[in-house]
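Structure at a glance
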Amino acid sequence: MTPTVAPVRRTRPFARPLQYLALAAYMVFLGFPLVFLLSTSMKTAQELRSPDNSFLPDRLSWDNFGDAIEKANLVQAAGNSLYVATLTTVIVTLVSLPAAYAMARFRTRLRGAATIWILLSQVFPFILIIVPLFLVLKQIGLVDDPHGLVIAYTVWSLPFALWMLRGYVAAVPVDLEEAGAIDGASRLRVLRSIVLPLLAPGLVATSLFTFISSWNEFFFALVLIQDPDLQTLPLTLARFVGAEGQVQMGQLAAASLLATIPSLAFFLLIQRRLTSGLMSGAVKG
Amino acid sequence: MTTATSRPVRPRRPPRGVGGFGGNGGRDAWLLVLPALIPVVLFSVYPLVQGILLGFTDAQAGLNQPVDFNGVDNYTRLLDHDLFWKSFRIGLIWAFSVTILQFLASLGLALLLNLNLRLRWLARTLALVPWAMPPVIIAIMWKLMLNPSYGPINELMRTLGLPGDINWLGDFSTALPAVIVVGIWAGMPQTTITLLAGLQNVRGELHEAAAIDGAGTWQRFWHVTLPALRPVIVAITSLDLIWNFNSFALVYVLTAGGPGGQTMLPMLFAYNEAFRYGNFGYAAALGNVMVVVIAAFLVLYLRGQARSRDS
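About the thresholds
Residues numbered from 1 in each chain as written. Chains lettered and ligands numbered in written order. Predicted model: local features only at pLDDT ≥ 70, side-chain atom pairs only at ≥ 80, totals over all residues. Heavy atoms only, no water. Axes fitted to C-alpha atoms, helices over the stretch in contact; angles between N-to-C directions. Helix = DSSP H or I, 4+ residues; strand = E, 2+ residues; numbered from the N terminus. Left-handed = near helix turned anticlockwise from the far one by under 90°. Nonpolar A, V, L, I, M, F, W, Y, C, P; charged D, E, K, R; others polar. Expected span 1.5 Å × (residues − 1). Buried < 20%, exposed > 50% of the residue type's maximum accessible area, 1.4 Å probe, protein only. Phe/Tyr/Trp six-rings, centres within 6.5 Å; stacked < 30°, edge-to-face > 60°. Lys NZ or Arg CZ within 6 Å of the ring centre and 35° of its normal. Contact = heavy atoms within 4.5 Å. Buried area = accessible area lost by both parts, 1.4 Å probe. Salt bridge = Lys/Arg side-chain N within 4 Å of Asp/Glu carboxyl O. Polar contact = N/O pair within 3.5 Å; in protein donor to acceptor, adjacent residues only side chain to side chain. UniProt positions renumbered as here; feature names shortened; annotations may be inferred. Lys, Arg positive; Asp, Glu negative; His and termini not counted.

Things to note about the packing of helix α4 (residues 74–105) of chain A against helix α7 (residues 146–170) of chain A
Residue and element names in this part refer to chain A.
- For the pair α4 and α7, the least separation of the axes is 7 Å and the interaxial angle reads 35°. Between α4 and α7 lies a crossing of right-handed hand.
- When its residues are assigned to classes, the contact of α4 with α7 shows 22 nonpolar, 5 polar and 2 charged.

In structure tokens, the structure reads:
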């Protein structure tokens with residue numbers, strides 16, 4: 001997609017430099033905190049405390065990363081996060097795929113109801129859900145249990161996953177399915193060998209999105225998980241801020257960087273799609 | 001692919017008898033939707049309805065406590081509660097400042113990214129990064145940035161000869177502005193990318209026609225770009241307003257509502273009521289008020305937009 005704004009022909013002599021200046025200002029605002037976090041993660045405690053603390057670390061040292069992994073129980077927390085996010089993603093994908101297909105292909109009252117629900121789920125503050133959900137999960141013994149968290153994440157990722165997937169299904173031409181059916185393929189076969197392969201990229205994007213939002217989530221985890229051994233990564237990091245973070249800033253920065261890697265990798269992977277197709281379709285839809 | 005997704009696709013029912021689609025689409029649809037429907041009804045529709053009702057009861061934490069409906073008692077108590085008014089005032093200041101400033105900043109960035117500038121790829125990537133970061137980590141990062149003795153912000157202030165010992169997050173007057181800046185930083189990517197996608201759909205011919213008619217850069221922006229971008233602007237600012245009003249994790253980690261409740265957003269206030277003091281009914285009532293407040297602002301905003309579009 002080429003930029004569609006016509007090249008400005010009668011550019012004033014100062015316009016370009018000013019534009020670059022503005023762009024540089026934005027880049028500093030957006031990028032400086034990240035560079036700072038990276039530089040902090042490599043500094044020793046003494047270096048951070050010294051009065052003539054320079055911006056760049058004296059030498060590249062990865063000690064903070066090792067210490068943070070040990071001290072903050074990062075491995076266990078990452079394992080918990082990975083378990084919850086993976087299970088959520090698998091369930092959401094399995095459950096939303098048929099539903100998205102039905103929403104895209106059949107005209108029923110369900111579709112209107114689902115759309116309203118998806119919109120409502122954006123407006124309601126989580127506090128309204130969390131109290132009764134907490135009570136329900138407590139009754140069935142799933143508070144302080146990763147599976148309770150999986151339930152919470154599943155139902156609150158479902159609306160968005162459905163919405164995304166429905167768009168991808170709608171983009172698969174019905175004609176292809178009809179052609180398959182006329183050629184004598186069974187319904188299941190049509191879905192498996194025609195629809196599913198075409199849906200694959202959309203399915204991957206949707207499941208990654210679900211994974212990342214569960215990986216990053218904080219509020220539900222804060223309420224539903226008390227046991228330190230079951231804490232997810234954001235919880236562990238938030239506790240680390242209070243307890244040791246003020247003393248061990250380098251380790252805190254290192255732990256934060258490590259916890260960001262999965263979602264960062266995902267966003268860099270899909271950034272082309274984000275800037276072009278996905279969002280324009282989503283916003284207009 | 002882009003054209004296919006952006007065009008509303010009219011689902012056509014395949015001809016009767018082909019591949020077993022038949023006339024019982026309704027039943028098939030139900031069967032396909034059922035696996036998604038059951039968990040949603042059990043764990044989100046039911047709790048939501050329950051939550052709304054809970055706002056009219058005196059429910060407390062702890063199982064087996066008798067729960068009675070107490071009508072509008074919670075709401076009359078809320079009206080007498082100073083902290084409630086304070087918290088909602090802070091919540092509205094926070095939500096509106098972040099939404100408006102974030103929109104202006106993102107519009108500027110999106111316009112720049114839409115130009116053919118060098119290093120655009122780097123700016124685009126940087127603009128996405130905050131989106132990828134969990135709110136908890138954004139909060140940790142800015143906490144380090146704003147650290148009164150070791151943070152680079154104060155260091156910069158000192159270098160410039162300004163007072164360099166400001167306790168940004170701990171001082172009554174600077175805490176709310178400081179968290180608003182962090183809120184803007186955290187929310188810019190979504191707004192920027194959405195606006196950029198909208199800008200790329202503005203047709204080039206319109207700009208050329210306006211340029212031929214002698215319109216300057218500013219006039220073209222005001223009369224061509226902005227009207228074309230309007231639906232996207234309305235959609236993203238409405239969503240931002242909702243998200244910001246309901247946000248929790250960022251400020252919880254940054255200040256936990258302090259100092260002295262200066263950054264006690266409604267969600268933090270409600271969380272404390274529910275899970276610190278165990279006032280479940282009261283917290284749910286707060287949630288209900290939040291829904292009403294945000295819905296009222298949205299209706300006003302969307303109505304105003306629709307009216308000015310018609311005229």
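Resuming the write-up.
Some remarks on helix α6 (residues 126–139) of chain A
All names here are of chain A.
- Between the first and last C-alpha of α6 there are 20 Å, a value that for 14 residues agrees with the 20 Å anticipated at 1.5 Å per step.
- Counted residue by residue, α6 has 10 buried out of 14 residues, so it is predominantly covered.
- Of the residues making up α6, those classed as buried are Ile127, Leu128, Ile129, Ile130, Val131, Pro132, Leu133, Phe134, Val136 and Leu137.
- The first or second residue beyond α6 is Gly141, which carries a positive phi of 70°.

What about the packing of aromatic side chains?
- Using the criterion set out here, one finds 27 aromatic pairs over all chains in the structure.
- When the centroid spacing of 6.1 Å and the interplanar angle of 70° are considered together, the rings of Phe88 of chain B and Phe245 of chain B count as edge-to-face. Taken as a pair, Phe88 of chain B in helix α4 (residues 82–113) and Phe245 of chain B in helix α10 (residues 217–245) lie far apart in primary sequence, 157 residues in all.
- With a relative accessible area of 1%, Phe245 of chain B lands in the buried category.
- For the ring pair Phe96 of chain B and Phe297 of chain B, a centre distance of 5.1 Å and an interplane angle of 70° mean the geometry is edge-to-face. Separated by 201 residues along the polypeptide, Phe96 of chain B in helix α4 and Phe297 of chain B in helix α13 (residues 280–310) bring together distant segments of the chain.
- On the accessibility criterion, Phe96 of chain B (29% relative accessible area) is partly exposed.
- Its relative accessible area of 30% is what places Phe297 of chain B among the partly exposed residues.
- Aromatic rings pair up to connect Phe126, Phe134, Tyr153, Trp156, Phe218, Phe219 and Phe220 of chain A together with Phe248, Tyr252, Tyr271, Phe275 and Phe280 of chain B into one cluster.
- Between the NZ or CZ atom of Arg77 of chain B and the centre of the ring of Tyr282 of chain B, over which it lies, the distance is 4.2 Å.

Here we look at the interface of chain A and chain B
- Opposite the 101 residues of chain A that make contact, chain B presents 117 residues.
- For the chain A and chain B pair, buried surface summed over both sides reaches about 10,100 Å², with 77% attributable to carbon and sulfur atoms.
- Remark: the boundary between chain A and chain B carries 0 salt bridges.
- Put simply, chain A and chain B have 6 residue pairs in polar contact (both at pLDDT 80 or more) between them.
- When its residues are assigned to classes, the side of chain A that touches chain B shows 70 nonpolar, 17 polar and 14 charged.

Here we look at the UniProt feature "transmembrane region" (unreviewed entry) in chain A
Residue and element names in this part refer to chain A.
- The sites that carry the UniProt feature "transmembrane region" (unreviewed entry) are, in the present numbering, residues 20–39, 82–104, 116–137, 149–169, 190–212 and 249–270.
- Secondary structure over residues 116–137 splits into 91% helix and 0% strand, and the C-alpha atoms at its two ends are 26 Å apart.
- Between the end C-alpha atoms of residues 249–270 the distance is 32 Å, and the span holds 100% helix and 0% strand.

Quick look at the environment of Thr93 of chain A
All names here are of chain A.
- Mapped onto the fold, Thr93 is located in helix α4.
- For the pair Thr93 and Leu203, spaced 110 residues apart in sequence, the C-alpha separation works out to 7.7 Å.
- Those residues in contact with Thr93 that sit more than four places away from it in its chain are Leu203 and Ser207.
- Among the polar contacts made by the side chain of Thr93, one reaches the main-chain carbonyl oxygen of Thr89 at a distance of 2.6 Å.

Observations regarding the side chain of Glu273 of chain B
Residues and elements named next belong to chain B.
- Positionally, Glu273 belongs in helix α12 (residues 266–275).
- Here Glu273 is buried and forms no salt bridge, its nearest opposite-charge partner Arg77 lying at an N-O distance of 5.5 Å.
- With sequence-adjacent residues up to four places away left out, Glu273 is seen in contact with His81, Gly278, Asn279, Tyr282, Ala283 and Leu286.

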